[in-house]
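# Coordinate analysis (summary)
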Amino acid sequence: MTFFDKYTYKQKNYALLVIGVLLAAVAYKRGFGPTLEIKKYRTELEQKLVLAASADDQIRTKQIEIAQLNRLLGEEGNTIEKVQQEFLNFFAKHANNVSVHEINEVLHFQHPDFSINTHRVVLKGNYTNTLRFLYEVEKKFTLAKILNVSFEFTKHDADDDKALYTTILIQNYLR
């Protein structure tokens, strides 16, 4: 081994130091680096597993929240025709001595995330029967919710007598 005899100890030590640094860099790049990445990926997967384990509870919570909002705002996703038809069916079952005088065109408000349909219905009848019907609508009609109620004692047609007209606004939401 006469190859290394011509170099001094100082040069051999520098060469050994450079080779050691290169070996450490290669060992980090090939061995330690991927191991550390895998460890980080493993902790991320463990966190996702914990979230997946509680997914059923989160889904139930969201379903409960949706049900509460549906009770407050009315069921979402019903068409205008369905809401009007179901309202008239509900009216036929629950209204006593009250008649539908007028149903106006639906007002439609479009938002990027949802749309709101506002239905205007004018009822004709006495005060107590109208209040009973409105109470039934509040408690049992789930497709839309009452937004506003106004009472007016007037003549709508020239040949009619004065009567109590109740204007109700009901809203339903579409996604």
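Because the structure is a prediction, the values reported are computed rather than measured.

The next point concerns the pattern of salt bridges. Applying the stated rule across the entire model yields six salt bridges. The shortest N-O distance in the salt bridge between Glu 44 and Lys 48 comes to 3.6 Å. In this pair, Glu 44 and Lys 48 both sit in helix H1 (residues 9-53), four residues apart, roughly one turn of the helix. Across the pair Asp 57 and Arg 60 runs a salt bridge whose closest N-O atoms are separated by 3.2 Å. With Asp 57 and Arg 60 both in helix H2 (residues 55-73) and three residues apart, the pair spans about one turn of that helix.

Angle between the axes and distance between the axes are the two parameters that describe a pair of packed helices. In contact at an axis separation of 11 Å, helix H3 (residues 80-94) and helix H4 (residues 127-140) are set at 130° when each is read in the N-to-C sense. When the axis of H3 is compared with that of H4, the two are oblique. Considering the relative orientation of H3 and H4, their crossing is right-handed. In this structure, H3 contributes Phe 87, Phe 90, Phe 91 and His 94 to the contact, and H4 contributes Phe 133, Glu 136, Val 137 and Lys 140. Split by residue class, the contact of H3 with H4 holds five nonpolar, one polar and two charged.

Definitions and cut-offs
Residues numbered from 1 in each chain as written. Predicted model: local features only at pLDDT ≥ 70, side-chain atom pairs only at ≥ 80, totals over all residues. Heavy atoms only, no water. Salt bridge = Lys/Arg side-chain N within 4 Å of Asp/Glu carboxyl O. Helix = DSSP H or I, 4+ residues; strand = E, 2+ residues; numbered from the N terminus. Axes fitted to C-alpha atoms, helices over the stretch in contact; angles between N-to-C directions. Parallel < 35°, antiparallel > 145°, perpendicular 65-115°, else oblique. Left-handed = near helix turned anticlockwise from the far one by under 90°. Contact = heavy atoms within 4.5 Å. Nonpolar A, V, L, I, M, F, W, Y, C, P; charged D, E, K, R; others polar.

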